[in-house]
2 protein chains.
Amino acid sequence: MQVFNTVADVRNQIKEWRKQGLTVGLVPTMGYLHEGHQSLMAQAKQQNDKVIVSVFVNPIQFGPNEDLANYPRDLDRDILACQNMGVDMIFCPPASEMYDPHFSSFVDVIGITEQLCGKRRPGHFKGVCTVVTKLFNITQPDRAYFGQKDAQQLAVIKQMVNDLNIPIVIVGCPIIREADGLAKSSRNSYLSTQERNAALCLYQAITLAKSLLQQGERQSDKLINAMKTVIEQQPLARIDYIEITDFNTLKSVKHIEQSVLIALAVFIGNTRLIDNFVFTLPE
Amino acid sequence: MQVFNTVADVRNQIKEWRKQGLTVGLVPTMGYLHEGHQSLMAQAKQQNDKVIVSVFVNPIQFGPNEDLANYPRDLDRDILACQNMGVDMIFCPPASEMYDPHFSSFVDVIGITEQLCGKRRPGHFKGVCTVVTKLFNITQPDRAYFGQKDAQQLAVIKQMVNDLNIPIVIVGCPIIREADGLAKSSRNSYLSTQERNAALCLYQAITLAKSLLQQGERQSDKLINAMKTVIEQQPLARIDYIEITDFNTLKSVKHIEQSVLIALAVFIGNTRLIDNFVFTLPE
């Protein structure tokens, strides 16, 4: 496995692969890899001759009061994890390789980015779209892999790829959970033992909503209120949002008549966690 | 020569060319082709195995009070011109092929777009960057060709390509002029005979500034005032701007100590014309 820090090194290697007619899959990450990322790598391995994992904590997608400085990093462990997964190349550039002092170009998606997390994190998805565009242009993969856990990110990237005619297939991969149901996330490492227990309330709320939907409940406010009640029982939890939205536009839906995304963001202590599921009406 | 209206057709053909190891040059245009465009095509022919010309009047780069509806169009003549130049493919999509009703992704460059034309045409360069990104992704050329007449556009595209790691070489080509000095432009077709005569004042102002620079003048305000005087002698002319800026950042320069862009925009009747030249200090 190769570990590259520069765009030039990455491009040289990919040129070689392309000459040999090999296909390339990209798994963009911010590192501190967990089983969620590994499932993306496994999927990429299955569908491509070569797999690249990028490890880059992208400064421009963090707001001024967010956790950029504290975001967990462990490149040595990440390299090991990628090696174990049979990854072919890690691209882990320093910030200066990605953003020179005169950097001033941005990619943004309007509308869909103004809902859910976008409402709470202005500029976040602009930062995401910009860095993903750069990573796409640097690696020019056939396919790129994103987790459904970041449901809005996945929807935004799909919209961007479609709008800008980016010649890359975007593959969304299911949420990977701990044994007790907590969605895997690098940010779980922030949680104390007590907070880790409290964090389960996101999954409990999701489980309740799923069962109410199965019983035929279609009113968004009733579902949201039931989820709220579960989370408000947890003294360490503070709801950022719980929303039921159209699966494609991410606009709020009052009565469920089509595929919807049911998404929530909850602070556990100082750690903001997200989770979601997609509900498709039975035929 | 092939004439394609759809992204799919373009991609199929380019895939074939790529399989054969051929290089591709792109000349993005809004059609109504003139000798300026032809010089771009000639340059592209020299440097690439295959040349694509896109003909697309991009609605999102026109402001609400600009000339989108009246912008001159003549596809039959454009096809002939391309054929004569030995172009291999024209891509002339309808607007619906480029922008679906849910289109919502944009590429923008900050800073450099806020000077000169960008100050007068808010959103213009965002529209340009977005369509150029789309055309780049659709055709994936090795090189793309832009005229120095649209000096700010060329600088913005170069900045975007550098910032977003777009793997395409941007080639800037010199301004092509009529025998009397008027810079070739599709918008010249708007001019009445009287206006056509008046339009020469842009080149006259440029010629005067060049000779003053040669005589050693380095004060921007003196040069600008001299240029103003030339243009104000023309009753049909109304100055939009005359500016002397740093060649790279496009920020105003008071005293010329480095390479500068000397650029002007002038209304002749209702037609807005631009012209410019680059001055490099003698060694």
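The present account deals with the structure reproduced in this document. Nothing here was measured: the structure is a model prediction, and the numbers come from that model. (Residues numbered from 1 in each chain as written. Chains lettered and ligands numbered in written order. Predicted model: local features only at pLDDT ≥ 70, side-chain atom pairs only at ≥ 80, totals over all residues. Heavy atoms only, no water.)

1. Re the environment of B:Lys126
All names here are of chain B.
Next, step 1: Along the polypeptide, Lys126 turns up in helix H6 (residues 124-139).
Next, step 2: Along the primary structure Lys126 and Asp67 are separated by 59 residues, whereas in three dimensions their C-alpha atoms are 17 Å apart.
Next, step 3: Setting aside chain neighbours within four positions, we find Lys126 in contact with Phe106, Val107 and Asp108. (Helix = DSSP H or I, 4+ residues; strand = E, 2+ residues; numbered from the N terminus. Contact = heavy atoms within 4.5 Å.)

2. Comments concerning the relation of the copies chain B and chain A
Next, step 1: Least-squares fitting of chain B to chain A yields an RMSD of 0.0 Å, with the superposition described by an axial translation of 0.0 Å and a rotation of 180°. Look at the turn and shift together and you get a two-fold axis relating the two. Judged by C-alpha distance, B:Val107 is the residue of chain B that lies nearest the rotation axis, at 2.2 Å.
Next, step 2: The share of interface residues of chain B whose copies in chain A are also at the interface is 100%, consistent with both copies meeting through the same surface. (Least-squares fit on C-alpha atoms with pLDDT ≥ 70 in both.)

3. Thoughts on the side chain of A:Asn188
All names here are of chain A.
Next, step 1: Tracing the chain through its elements places Asn188 in the loop between strand E7 (169-173) and helix H8 (193-198).
Next, step 2: Taking relative accessible area as the criterion, Asn188 reaches 13% and is therefore assigned buried.
Next, step 3: Here Ala183 takes part through its backbone oxygen, which lies 3.0 Å from a polar atom of the side chain of Asn188.
Next, step 4: When neighbours within four sequence positions are excluded, Asn188 is seen to be in contact with Leu182, Ala183 and Leu273. (Buried < 20%, exposed > 50% of the residue type's maximum accessible area, 1.4 Å probe, protein only. Polar contact = N/O pair within 3.5 Å; in protein donor to acceptor, adjacent residues only side chain to side chain.)

4. Points about the pairing of strand E6 (residues 143-147) of chain A
All names here are of chain A.
Next, step 1: Among the five residues that make up E6, four are buried, leaving the element largely enclosed by the rest of the structure.
Next, step 2: Relative to E7, E6 runs parallel, the two being bridged by five bridges. Pairing of Arg143 across the sheet is with Val169, part of E7.
Next, step 3: Read as a crossover between parallel neighbours, the route from E6 over helix H7 (residues 151-163) to E7 is right-handed. (Pairing = 2+ DSSP bridges. Right-handed = clockwise from strand over helix to strand, strands pointing away.)

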